[in-house]
Amino acid sequence: MSEITKDAVMDALKSVIAPNVKRDLVSADMVKDVKIEGSNIKILIESTTPASWAKEEIKTNATEAIKKQIPNAKNIEITFEVNVSKHVDPAKDQMLPGVKNTIAVASGKGGVGKSTVAVNLALSLALDGAKVGLLDADVYGPSIPMMLGINEQPLVKQIDGKQKILPLENYGIKLMSIGFLVDEKTPVIWRGAMASGALKQFMSDVEWGELDYLFYDLPPGTGDIQLTLAQTIPLTGAVIVTSPQDVSLIDARKGLKMFEKVNVPTLGLIENFSYFVAPDTGHKYYIFGQGGGEKLAKELNTAFLGGIPINPQIVEGGDHGKPLVTEFPDTEEAKIYRDIARKLAAEISARNSNQQSPKIEISL
Ligand SMILES: Nc1ncnc2c1ncn2[C@@H]1O[C@H](COP(=O)(O)OP(=O)(O)O)[C@@H](O)[C@H]1O
Ligand SMILES: [Mg+2]
């Protein structure tokens, strides 16, 4: 009879692919503990993405692989823990101490569906079990409160001797909007100043608590305001939303270059309005051209996270505060948003696992 050893268990787990990171459990460093007690095996698996959806598959496949490798193993107990990895960044940790990762959702121009993407990605990760916040930082068109069906003045509370703004909450995510500071009457010329100066203050005044991911819906474009914001907010990375038309793609490229300039990694590109599926025939019509986003992502050496079709339910949901992923979870588009969010989480986790400890500067 083969002996039950930790090595044999690890060998078996090398053949089990974790679908959330698309790597095997061992090389993804997900096996945190193996205990052998006679012929019983206890394993602790940790995931650095909100992978509640992958849990059963991992457990089943790991059990099967161990049984195959070690036929005399009796009880195999697998415990699964989620611990979303943290982007280590002194500036972020100072400004947002409880926030593990910050993601800017950006676009080269307005109207490409940036806010809709931000809302649905944030909700997707929350549905997968993560603690998520969303900050509407689009000074020109704050629209997230409407899209999430909530628009109240946030409460201010004294915490540790400081005045803190409490984020609103709906559909399981925390929300704050620059729209609570600027209203339609605020002249556009002031909004840039609000965006860069007040936002920084605003950010440390909001009591986010513990978050795995904080999304920012940035103002569209690649001008001075966007550049200042990209420098002001400590960012784990950015996702760029584009539509398939040439003009949008040119603007998306500018967006990516802007983040490059300020050393913010682009985590991937999302194409919106990719195609329309005719409800009667199911035929896909590529109204604005096919494959543009994917080609651009390849050219710019960033991940293509996915393409979202045109669906009138998205407009309806956005206008009535009923986001697609929570209100129409069975639609193809909801599945695409959720898949994109999972790819994004995997991308962040891969980057976090490669991050170097922050350099310690020694002054002599
Ligand atoms: N995939 C989609 N299919 C259909 N309509 C969409 C889609 N994505 C966004 N929209 C709609 O397009 C409009 C612009 O989207 P929005 O997210 O506000 O864009 P942005 O924030 O880039 O200006 C909104 O009315 C929204 O409901
Ligand atoms: Mg918007």
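The model shown is predicted, which means the values in this text are computed figures rather than measured ones.

## Considerations on the domain arrangement of the protein chain
The assigned domain composition of the protein chain is domain 1 (6-82) and domain 2 (90-354). Opposite the ten residues of domain 1 that make contact, domain 2 presents twelve residues. When grouped by side-chain class, the residues that make up the side of domain 1 that touches domain 2 number four nonpolar, four polar and two charged.

## Here's the deal with the confidence of the model for the protein chain
Averaged over all residues, the pLDDT of the protein chain equals 89, while 92% of them reach at least 70. The low-confidence segment residues 357-364 (pLDDT under 50) makes three contacts with residues lying over four places distant or belonging to another chain.

## Focus: the site of ligand 1
In the neighbourhood of ligand 1, 18 residues make up the surrounding shell, with G113, K114, S115, T116 and G318 lying closest. Contributing elements (two or more residues each) for the shell around ligand 1: α4 (114-127), β14 (266-277), β16 (304-310) and α10 (312-319).

## Remarks on the environment of E77
In this fold, E77 is placed in strand β5 (residues 76-82). Exposure remark for E77: the 13 C-beta atoms within 10 Å place this residue in the partly exposed category. Along the backbone, E77 and A230 are 153 residues apart, and their C-alpha atoms lie at a distance of 46 Å.

## Thoughts on the nonpolar core
Core analysis: the largest hydrophobic core is formed by 97 residues, its most contacted members being A104, V105, L121, A122, L134, F215 and V239. When residues are assigned to domains, this core turns out to be shared by domain 1 (6-82) and domain 2 (90-354), each giving three or more. Discounting chain neighbours no more than four positions away, the residues touching V105 are K114, V117, A118, F215, Y216, D217, L218, V239 and V241.

## What about the pairing of strand β11 (residues 173-177)?
Of all the five residues making up β11, five are buried; the element is thus mostly covered by neighbouring parts of the structure. Where burial is concerned, the two faces of β11 agree: the one with I173, L175 and S177 and the one with K174 and M176 are both buried. Of the pairings in the sheet, the one linking strand β7 (residues 132-136) to β11 comprises four bridges and is parallel in character. Residue pairing in the sheet places L135 in a bridge with M176 of β11. Note: strand β10 (residues 168-170) against β11, three bridges, orientation antiparallel. Bridge pairing in β11 places E169 opposite K174.

The rules behind these values
- Residues numbered from 1 in each chain as written.
- Chains lettered and ligands numbered in written order.
- Predicted model: local features only at pLDDT ≥ 70, side-chain atom pairs only at ≥ 80, totals over all residues.
- Domains from an automatic or database assignment.
- Contact = placed C-beta atoms within 7 Å.
- Nonpolar A, V, L, I, M, F, W, Y, C, P; charged D, E, K, R; others polar.
- pLDDT = per-residue confidence, 0-100.
- Near = placed C-beta within 6 Å.
- Helix = DSSP H or I, 4+ residues; strand = E, 2+ residues; numbered from the N terminus.
- Buried ≥ 20, exposed ≤ 12 C-beta atoms within 10 Å, placed from the backbone.
- Core = buried A, V, L, I, M, F, W, Y, C linked by C-beta atoms within 7 Å.
- Pairing = 2+ DSSP bridges.

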